[in-house]
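Below are the chains, spelled out letter by letter.
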Amino acid sequence: MRPIKSAKLKQTRFPRVAIAVRLAGFLLLLPGHLLSAQYVPIVSGAVGFFDSKNTGINFFQPVFAPVVVAPLGKHFLAESRFDLRGFYERKNGNSGPYQGSFFRSTQYLQLDYFAADKLTITAGRFLTPFGTYNERLTAIWIQKIQDAPLIFPIGTRTTGSSNGAMVRGALIAKPAFHVNYIGYFSASSNAPQFQAGRAAGYRFDLYLPNKRVEVGTSYGRFLQGTHNNSSGAHFWWQPYRFPLEVRSEYAHGAHAQGYWIESTYRLSQWRGPDSLFGRLEPVFRMQQTFRNSPGPGDGLPAADTKQVDFGLDYHLPHEVRLNSSYSRKLSATGNANIWDISLTYRFLFPMWRGHQ
Amino acid sequence: MKNIRSNSKYAVLPLAIFLLGSILTWAQVATSAQGAGRAPSAQHAKPAATNPGERAFQANCGRCHNPPEQLSPRVTGTVLRHMRERALLSPQDERDILKYLTP
């Protein structure tokens, strides 16, 4: 029995050792200029403190969201983002001592291969590319309003992240317009930190760089349990001449649909962006969801809902930002007032000194 | 049903506020366009740049976030490689922005 056991051990251990040796060799043989010069790996991200009051119940969340990016040679890039947060609220809703829980999640942990000018292949865990909010605006140092739009769960089930492969790039990249594409497939996983649903989908964008106008469409098919489709469209407009930003999305899911439209206007035209008033950025968002049929567990409001959000953000020096917002939710299941305030600090530094 | 009916009255309120906000925004834009004092900014209130790197930066990176206040020359390549994947930058845009950030 013993020789068989040791042979099994050899069979299982050898490939791991071989993979480790090859990986170490690959890292050691990386071109020297990519480990120095301008390609030193970075640690970026943000720390933040969020305070919310929803229908009279107060809760707060300290958040640490690090991003690690490391180029591996000329064609590879490893990148990841994690979210570590505490969630504290009173034991009995609005009375009693505060008690908390700790949550951690891997939002993406991916290896990118720049195969060609118009093709990047990604493998690992990545943000599900449905609509624009999930990929572009979920980072805590980017979002203008603390809470995600109501339709966010459409197309991003189950966790907003996918495990599998993705291809993306610019199908056409002319000075006047870009046509971008993304296609992905995700496998189902229940592993801790890596939960994902089995799904596939795509997104196409038409972007006019001279006007900073983008329109696009997304599609996703959920391929586990009851298969269903999600589709969406988005429109962004960010004119160069004045600091107005308009972003909007529409999404249609199996049991509900809805839209959000958000506009921000930084007051930087008054004495510049670094002046007392120039650091202010009012935000307005309007959103609505329509329930077509009951969809328990789909993360969307159980009844038709309208919500209006008023935000006021302040861009402090040294990458610190103060966001505040008031939201009024109107729904057949109950109206609500939501107050949010958050403070975030964005950081970025090299992992090591590197050569100048 | 009663709640839904009463809520539908409120639907006019956010729409009216949004329209009012848009009108006020346009009014301010029109006023500031007539006056001279437009302040330059890294991201906002800036006409399209003539430098290809700056133009590519404004057209891509600046759409989602402000530029970092300080960016070490040691990490600009890494940041741009990251943005190439995130923002679907073309290799030419990546080179232009790299040159713009670390002249």
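Residues numbered from 1 in each chain as written. Chains lettered and ligands numbered in written order. Predicted model: local features only at pLDDT ≥ 70, side-chain atom pairs only at ≥ 80, totals over all residues.

J.: Help me understand the overall build of chain A in this model?
T.: When helices and strands are counted, chain A shows three helices and 16 strands. Within chain A, the fraction of its 356 residues that count as buried is 37%. Sequence separation of at least 24 residues holds for 54% of the intrachain contacts in chain A that already meet a minimum separation of 6. (Helix = DSSP H or I, 4+ residues; strand = E, 2+ residues; numbered from the N terminus. Buried ≥ 20, exposed ≤ 12 C-beta atoms within 10 Å, placed from the backbone. Contact = placed C-beta atoms within 7 Å.)

J.: Explain the overall build of chain B here, please?
T.: Broken down by element type, chain B carries five helices and zero strands. In chain B, the order of α-helices and β-strands from amino to carboxyl end is α-α-α-α-α. Split into buried and exposed, the 103 residues of chain B put 31% on the buried side. At a minimum sequence separation of 6, the contacts of chain B that also span at least 24 residues come to 53%.

J.: For this particular structure, what's the right way to read the nonpolar core?
T.: By size, the foremost hydrophobic cluster in this structure holds 22 residues, and its most contacted members are Ile42 and Val69 of chain A together with Ile97 of chain B. At the level of elements, β2 (57-72) and β6 (161-173) of chain A together with α3 (52-59), α4 (76-86) and α5 (91-101) of chain B are the ones that each hand at least two residues to this core. Apart from the residues lying within four places of it in its own chain, the contact partners of Val69 of chain A are Pro41, Ile42, Ser44, Leu77 and Glu79 of chain A together with Thr78 and His82 of chain B. (Core = buried A, V, L, I, M, F, W, Y, C linked by C-beta atoms within 7 Å.)

J.: Any chance you could explain the packing of α3 of chain B against α5 of chain B here in plain terms?
T.: Two quantities define a packed helix pair, namely the angle between the axes and the distance from one axis to the other. Residue and element names in this part refer to chain B. Where α3 meets α5, the closest approach of the two axes is 7 Å, and the angle between their N-to-C directions is 110 degrees. With respect to α5, the axis of α3 lies roughly perpendicular. In the crossing of α3 with α5, the sense of the turn from one axis to the other is left-handed. On α5, the residues that touch Pro52, Gly53, Glu54, Ala56 and Phe57 of α3 are Asp93, Asp96, Ile97, Lys99 and Tyr100. In terms of residue class, the contact of α3 with α5 is made up of five nonpolar, one polar and four charged. (Axes fitted to C-alpha atoms, helices over the stretch in contact; angles between N-to-C directions. Parallel < 35°, antiparallel > 145°, perpendicular 65-115°, else oblique. Left-handed = near helix turned anticlockwise from the far one by under 90°. Nonpolar A, V, L, I, M, F, W, Y, C, P; charged D, E, K, R; others polar.)

J.: Looking at this structure, how should I read α5 of chain B?
T.: Structurally, the α-helix is built with 3.6 residues per turn, so residues lying three or four positions apart point the same way. Residues and elements named next belong to chain B. Among the residues of α5, those classed as buried are Asp93, Glu94, Asp96, Ile97 and Leu101. Down the axis of α5, the smallest arc covering the buried residues is 165 degrees, so these residues share one side. Check the buried side of α5 and you find it contacts α3 and α4. (Arc of directions from axis to C-beta.)

J.: Any chance you could explain the packing of α4 of chain B against α5 of chain B here in plain terms?
T.: Residue and element names in this part refer to chain B. In contact at an axis separation of 10 Å, α4 and α5 are set at 145 degrees when each is read in the N-to-C sense. Where α4 crosses over α5, the two elements pack in a sense that is right-handed. Counting all contacts with α4, which are made through Thr76, Gly77, Leu80 and Arg84, the residues of α5 involved are Glu94, Ile97, Leu98 and Leu101.

J.: Please clarify how the environment of Ser52 of chain A should be interpreted in this entry.
T.: All names here are of chain A. Here Ser52 shows up in strand β1 (residues 42-54). Here the alpha-carbon distance between Ser52 and Thr217, two residues 165 residues apart in the chain, equals 33 Å. With sequence-adjacent residues up to four places away left out, Ser52 is seen in contact with Phe59, Gln146, Ile338, Trp339 and Asp340.

J.: Even after reading the chapter, I still don't get α4 of chain B, so can you show me in this structure?
T.: Judged by how many residues are buried, α4 of chain B sits mostly within the fold: nine of eleven residues are covered. All of the buried residues along α4 of chain B are Thr76, Gly77, Thr78, Val79, Leu80, Arg81, His82, Arg84 and Glu85 of chain B. The inward-facing, buried residues of α4 of chain B abut β1, β2, β3 (76-90), β4 (98-116) and β5 (119-127) of chain A together with α5 of chain B. Positive backbone phi, approximately 55 degrees, marks Leu88 of chain B, located one or two places after α4 of chain B.

J.: Help me understand the environment of Gly311 of chain A, please; the structure alone is not making it clear to me.
T.: All names here are of chain A. With respect to the helices, strands and loops of the structure, Gly311 is situated in strand β14 (residues 305-316). In this structure Gly311 comes out as buried when scored by C-beta crowding, with 21 C-beta atoms within 10 Å. With 165 residues separating them along the chain, Gly311 and Gln146 place their C-alpha atoms 9.3 Å apart. Apart from the residues within four sequence positions on either side, Gly311 is in contact with Lys144, Ile145, Val283, Asn323, Ser324 and Ser325.

J.: How should the pairing of β1 of chain A be read in this particular structure?
T.: In summary, the side chains of a regular strand alternate between the two faces of the sheet. Residues and elements named next belong to chain A. One ladder, built from 13 bridges, connects β1 with strand β16 (residues 336-350); its direction is antiparallel. The residue bridging Ser52 from the neighbouring strand is Asp340, located in β16. Here β1 runs beside β2; their pairing, made up of 13 bridges, is antiparallel. Bridge assignment links Ser52 to a residue of β2, and that residue is Phe59. Remark: two residues form the turn of the hairpin made by β1 and β2, two consecutive strands paired antiparallel; Thr55 in that turn has positive phi of roughly 45 degrees. (Pairing = 2+ DSSP bridges.)

J.: When you look at unusual backbone geometry in this model, what are you seeing that I'm missing?
T.: What is expected of a backbone is that most residues other than glycine have negative phi and most peptide bonds are trans. Arg157 of chain A connects to Thr158 of chain A through a cis peptide bond whose omega is 5 degrees. Relative to the assigned elements, Thr158 of chain A resides in the loop between α3 (133-137) and β6. Positive phi, normally seen in glycine, also occurs at Leu88 of chain B, with a value near 55 degrees. Its 21 C-beta neighbours within 10 Å are what place Leu88 of chain B among the buried residues.

J.: What's the story with the confidence of the model for chain A in this structure? I'm lost.
T.: Low pLDDT means the predicted atomic positions in that stretch should not be read closely. Residue-level pLDDT values for chain A average 89, and 89% of them are 70 or greater. The low-confidence segment residues 1-14 of chain A (pLDDT under 50) makes zero contacts with residues lying over four places distant or belonging to another chain. (pLDDT = per-residue confidence, 0-100.)

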